[in-house]
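# Inside the fold
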Amino acid sequence: MHPPSLLRCPTPASQDPFPAAGNEGLSCLSALSLTCCWQERFHAGDRRLSSVLPTMASWFRRLLHKPKPRSVESSLNASRSASSLPSSSSSSAESSGSSPGTSLARSVRSSPVSDINALGSARWAKSYDVCICHSEVDLELVEELVSYLEGQPESFRCFLQLRDAAPGSAVVTELCDAVQNSHCWVMLITPGFLQDPWCKYQMHQALAEAPMANGRTIPVLKDVDRKDYPKELRNLYYIYMALKENSFRQIRDTIMRYLQELCRSSASRSE
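Conventions adopted
- Residues numbered from 1 in each chain as written.
- Predicted model: local features only at pLDDT ≥ 70, side-chain atom pairs only at ≥ 80, totals over all residues.
- Heavy atoms only, no water.
- Salt bridge = Lys/Arg side-chain N within 4 Å of Asp/Glu carboxyl O.
- Buried < 20%, exposed > 50% of the residue type's maximum accessible area, 1.4 Å probe, protein only.
- Helix = DSSP H or I, 4+ residues; strand = E, 2+ residues; numbered from the N terminus.
- Expected span 1.5 Å × (residues − 1).
- Contact = heavy atoms within 4.5 Å.
- Phe/Tyr/Trp six-rings, centres within 6.5 Å; stacked < 30°, edge-to-face > 60°.
- Pairing = 2+ DSSP bridges.

### A look at the pattern of salt bridges
- What the rule picks out here adds up to ten salt bridges.
- One salt bridge in this structure joins Arg163 and Asp164, with 3.1 Å as the shortest N-O distance.
- Taking the relative accessible area as the measure of exposure, Arg163 reaches 42% and is therefore partly exposed.
- Across the pair Lys222 and Asp223 runs a salt bridge, and its minimum N-O distance is 3.8 Å.
- Judged by relative accessible area, which is 23%, Lys222 ranks as partly exposed.
- By relative accessible area, Asp223 is classed as exposed at 57%.
- Beyond isolated ion pairs, a larger network of salt bridges with shared partners links Arg123, Asp129 and Arg157.

### Overview of helix 9 (residues 244-270)
- With 27 residues, helix 9 ought to run about 39 Å at 1.5 Å a step, and its terminal C-alpha atoms sit 39 Å apart, in line with that.
- Among all positions of helix 9, only Ser247, Phe248, Ile251, Arg252, Thr254, Ile255, Met256, Tyr258, Leu259, Leu262, Cys263 and Ala267 are buried.
- For helix 9, the elements touching its buried residues are strand 1 (128-133), helix 4 (139-150), strand 3 (182-189), strand 4 (217-221) and strand 5 (239-240).

### Structural notes on the packing of aromatic side chains
- Throughout the structure, instances matching the rule amount to four aromatic pairs.
- Summarising the aromatic geometry, the rings of Trp198 and Tyr201 are spaced 6.0 Å apart at their centres and angled 85° between planes, so their arrangement reads as edge-to-face. Taken together, the residues Trp198 and Tyr201, both in helix 8 (residues 197-209) and three residues apart, mark about one turn of the helix.
- Residue classification places Tyr201 among the partly exposed residues on the basis of a relative accessible area of 26%.
- Summarising the aromatic geometry, the rings of Tyr229 and Tyr238 are spaced 4.9 Å apart at their centres and angled 45° between planes, so their arrangement reads as tilted.
- When its relative accessible area of 1% is taken as the criterion, Tyr229 is described as buried.
- On the basis of relative accessibility, which here comes to 29%, the residue Tyr238 falls in the partly exposed class.

### Regarding the sheet that holds strand 2 (residues 158-159)
- With respect to topology, five strands assemble into an open sheet ordered 2-1-3-4-5, the strand pairing being parallel. The two strands at the open ends of the sheet, each matched to only one other strand, are strand 2 and strand 5.
- As paired elements, strand 3 and strand 4 share five bridges and run parallel to each other. Its bridge partner lying in strand 4, Trp185 is registered against Thr217.

By themselves, these figures tell us nothing about what the structure is for.
Listed below in structure tokens is the structure:
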């Protein structure tokens, strides 16, 4: 029998100092602490990210809203205006429905070249726009006609024999010069005109000056029957003076039409 102090409890060599249940608890505690550590790091990174995000957002806003340099803006505006010019010009050309040649022709036709008051127009090639052929008994009516024509905006230049003839010159010379120096001739055909030999002489001079009846000779019939209308003028339309105002306006329009055609044809020949 051994003494009590020498007695020991046998311990198996393979037995772990900690029970198995203790090892499992340790591993669970380690996993739990690792998870808590990662969660803390994640939340800390999230807090740092949330603090950085507003700064990044404001930086991107400043970058997007940063004003462009003036040179870039001017070049962009120039390119936009240049790209819009052809479309606007083409749309205007399409709306007008004409080619540049046609528009040029239209501008020439409607240009101030046909204006009889233009400085270089063919109107100024002669001294008078119209010569009034009349008898002395119709002088009062002729003076009213001359006053009407000279008072128009075109200020027609009228030859009135008793007013514009040079004193002391021959009647034939004055009548011929009046016809040659006038664009148009108004023949006031009245009973006094048919009985005046000088009126017939001047009428013949006018027909010899313009035999093609191109609008220069303007017969005006007053108080004369159709059967008494001069045979030399039968191929010309006349103005019948029933109402004085209407007849004056017709005379004015006829003179204006001839002068416009004269200036237009003269301008086309010069081109």
